[in-house]
Amino acid sequence: MTTLGRTLKVRLYTNTIQATQLLDMSREYQRLANLVSQWVFDHDFPLNSLKINHALYKKFRQGSPLNSQMIQSVFRTVVARYKTVLEQLKQHPYRYQDEDKKWMRVAKDLTWLFKPLHFSRPQADLVRQSNYSFGNNLTEISLTTLGKRTKVPFTIKGFEQCFQTGWKLGTARLVHSGGKWYLHIGITKEDTDFDPTAPAQVVGIDRGLRFIATIFDQQRKTRFFDGKKILLKRHKFQKTRAELQHRGTKSAKKKLKQLQQRENRWMTDINHPLSKTLVTTYDPQTLFVLEDLTNVTFNTDDLPKSLRNSHRSWAFFQLETFLTYKGQAVQSQVLKVSPAFTSQRCPKCGLIEKTNRHHDIHEYHCQQCRYQSNDDRLGAMNIAMLGQEWLDGVKHPRIKKVTATG
Ligand SMILES: [Zn+2]
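Residues numbered from 1 in each chain as written. Predicted model: local features only at pLDDT ≥ 70, side-chain atom pairs only at ≥ 80, totals over all residues. Heavy atoms only, no water.

Concerning the overall build of the protein
Consideration 1: In terms of regular secondary structure, the protein is built from 7 helices and 17 strands.
Consideration 2: In terms of overall dimensions, the protein is more spread out than a globule: its C-alpha atoms have a radius of gyration of 29 Å, far above the 22 Å expected for 406 residues.
Consideration 3: Projected onto the principal axes, the alpha-carbon positions of the protein cover approximately 90 × 65 × 45 Å.
Consideration 4: Put simply, the protein has 406 residues, and 41% of those count as buried. (Helix = DSSP H or I, 4+ residues; strand = E, 2+ residues; numbered from the N terminus. Rg over C-alpha atoms; globule rule 2.2 N^0.38 Å. Buried < 20%, exposed > 50% of the residue type's maximum accessible area, 1.4 Å probe, protein only.)

Regarding the pattern of salt bridges
Consideration 1: As enumerated under the stated definition, the model contains 8 salt bridges in all.
Consideration 2: Salt-bridge contacts for Glu 320 lead to Arg 207; the nearest nitrogen and oxygen are separated by 3.0 Å. A residue pair is termed long-range when its members are at least 10 positions apart, and Glu 320 in helix H6 (residues 314-328) and Arg 207 in the loop between strand E10 (201-206) and strand E11 (211-216) qualify at 113 residues.
Consideration 3: Here Asp 375 makes a salt bridge to Arg 357, at a shortest N to O gap of 3.1 Å. Of this pair, Asp 375 sits in helix H7 (residues 375-391) while Arg 357 sits in strand E15 (residues 357-358), and the two are 18 residues apart along the sequence.
Consideration 4: Because the salt bridges share partners, they merge into one network encompassing Arg 207, Glu 320 and Lys 336. (Salt bridge = Lys/Arg side-chain N within 4 Å of Asp/Glu carboxyl O.)

Things to note about the domain arrangement of the protein
Consideration 1: Domains assigned within the protein are domain 1 (2-191) and domain 2 (201-232 + 278-391).
Consideration 2: Placing a centre on the C-alpha atoms of domain 1 and another on those of domain 2 gives a separation of 46 Å.
Consideration 3: Between domain 1 and domain 2, roughly 340 Å² of surface is buried when both sides are summed, and carbon and sulfur atoms account for 47% of that area.
Consideration 4: Among the residues of domain 1 in contact with domain 2, Leu 4, Arg 6 and Asp 191 are the three that bury the most area, contributing 86% of the side total.
Consideration 5: At the junction of domain 1 and domain 2, the tally comes to 0 salt bridges.
Consideration 6: Inspection of the region where domain 1 meets domain 2 yields 0 residue pairs in polar contact (both at pLDDT 80 or more).
Consideration 7: Counting residues per element, the side of domain 1 that touches domain 2 draws most heavily on strand E1 (residues 2-12), at 3 residues. (Domains from an automatic or database assignment. Buried area = accessible area lost by both parts, 1.4 Å probe. Polar contact = N/O pair within 3.5 Å; in protein donor to acceptor, adjacent residues only side chain to side chain.)

A word on the packing of aromatic side chains
Consideration 1: Taken as a whole and assessed by the stated rule, the structure comprises 10 aromatic pairs.
Consideration 2: Between Tyr 132 and Phe 134 the ring centres are 5.9 Å apart and the planes differ by 85°, which places this aromatic pair in the edge-to-face class. For the pair Tyr 132 and Phe 134, one class covers both residues: buried.
Consideration 3: Members of the aromatic cluster, joined through ring pairs, are Phe 41, Phe 45 and Tyr 82.
Consideration 4: Its guanidinium or amino end placed over the ring of Phe 322, Lys 326 lies 5.6 Å from that ring's centre, counting from NZ or CZ. (Phe/Tyr/Trp six-rings, centres within 6.5 Å; stacked < 30°, edge-to-face > 60°. Lys NZ or Arg CZ within 6 Å of the ring centre and 35° of its normal.)

Topic: the confidence of the model for the protein
Consideration 1: Chain-level statistics for the protein give a pLDDT mean of 88 and a share of 94% at 70 or above.
Consideration 2: Predicted confidence is poor over residues 302-309, with pLDDT under 50, and the contacts of this stretch with residues over four places away or in other chains come to 15 contacts. (pLDDT = per-residue confidence, 0-100. Contact = heavy atoms within 4.5 Å.)

Some words on the coordination of the zinc ion
Consideration 1: For the zinc ion, the protein coordination sphere consists of Cys 346 (SG), Cys 349 (SG), Cys 366 (SG) and Cys 369 (SG), at 2.2 to 2.3 Å.
Consideration 2: Geometry at the zinc ion is tetrahedral, judged from its 4 donor atoms and the angles of 105 to 113° they form at the metal.
Consideration 3: In primary sequence terms, the donor set of the zinc ion follows C-x2-C-x16-C-x2-C. A residue pair is termed long-range when its members are at least 10 positions apart, and Cys 349 in the loop between strand E14 (333-337) and E15 and Cys 366 in the loop between strand E16 (363-365) and strand E17 (372-374) qualify at 17 residues.
Consideration 4: We classify Cys 349 as partly exposed; its relative accessible area is 32%.
Consideration 5: On the basis of relative accessibility, which here comes to 3%, the residue Cys 366 falls in the buried class. (Donors = N, O, S within 2.8 Å, 3.2 Å for Na, K, Ca; no water. Tetrahedral: all angles 85-135°; square planar, octahedral: opposite > 155°, others 65-115°.)

Observations regarding the pairing of strand E9 (residues 180-191)
Consideration 1: Burial along E9 is one-sided: the face carrying Trp 181, Leu 183, Ile 185, Ile 187, Lys 189 and Asp 191 is buried and the face carrying Lys 180, Tyr 182, His 184, Gly 186, Thr 188 and Glu 190 is not.
Consideration 2: Two elements, E1 and E9, share 11 bridges in a ladder whose sense is antiparallel. Bridge pairing in E9 places Leu 12 opposite Trp 181.
Consideration 3: For strand E8 (residues 168-177) and E9, the ladder comprises 8 bridges, and the chain directions are antiparallel. From the neighbouring strand, Ser 177 faces E9, where its bridge partner is Lys 180. (Pairing = 2+ DSSP bridges.)

Brief notes about the layout of surface pockets
Consideration 1: One number sums up the size of the second largest pocket: a volume of about 560 Å³.
Consideration 2: Looking at the lining of the second largest pocket, the elements with two or more residues in it are E1, E9, helix H5 (250-281) and H6.
Consideration 3: Each of domain 1 (2-191) and domain 2 (201-232 + 278-391) contributes no fewer than three residues to the lining of the second largest pocket. (1 Å grid on protein atoms, 1.4 Å probe; cavity = no way out; pocket = protein on both sides within 12 Å on 5 of 7 lines; lining within 4 Å. Points joined across faces, edges and corners; volume = space filled by probe spheres on them.)

Here it is, written out as structure tokens:
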């Protein structure tokens, strides 16, 4: 089982009175959070809501208009924030050189803080049902305030799915931003994983330059996702980049950075729909098989010189990441296999022969059995075969070249 987590960002359509109510409440929440933070700091960081509750609850109940549920919520908010900071400190140890010039590392903990964590904005964490709930046929949210609960209109438009298909709504954070009020609701869904022992569809994906992806599936259907337009656009990006690098001025450097960002955004715009198409074209329980491209450079014989350098591109890795993430939500899985010989093996007779591949005409001709195919398609076929081997129990499937021994 996997737990999928998302955050639902819901706009609250408050009137003026409600806006004031929410502001008063979240300011009081902020005030208590800072008091708790000071107490935690003064008492050697007990990251335990119960302990804090024991020490502060009575005092808060007497001195604050927040209800008892919300006071408990303040304790949890502060503990969670300190835990996050503790994790960050652990990840950044203190480094120094000792007398022998040897680098030393010291792990940091919360005692490295020289003042309590500060809650700088009005906020509130609301527990489902106790502090917020949906009403009137999902058109309004009822929220805790310092006085009576208030009912604020909202719309589920765009979020309909999250209210139907097994998502569980958790604690929500009330957020004030740009003069508007939002509720960020944490939602989770328990999902079954891809099951390697159950029947599965295997889809081989060959990533390349001419075709950004060539897909081969079990119905022996091939799909090509053209990369030519992408190549041309990259070429343009690269020309501009070279010019800017040549200039080398401060403003050129700034422009260079902007260009990089633009190129990244543009690749993201390609990878998102491509991974989405793949996940929606095939049913759940699909194994997407890709080559492990770590440490691989592409064969670039058929490319203009100017394009031969950018081929271990992050764009390929981004596609992999998107596919993994989107696949997870529908019980599909990404498998990475060794790229060795995937473009040299004949899928019909198994012969591995480099010269069978004709780069100039993008075709594969088997010398032994006369099988012919487009060379990108052939790669995807071999990749799919390795996926099937994995399903059959081979742990690290790869194509091995066996040399005949007499
Ligand atoms: Zn053959």
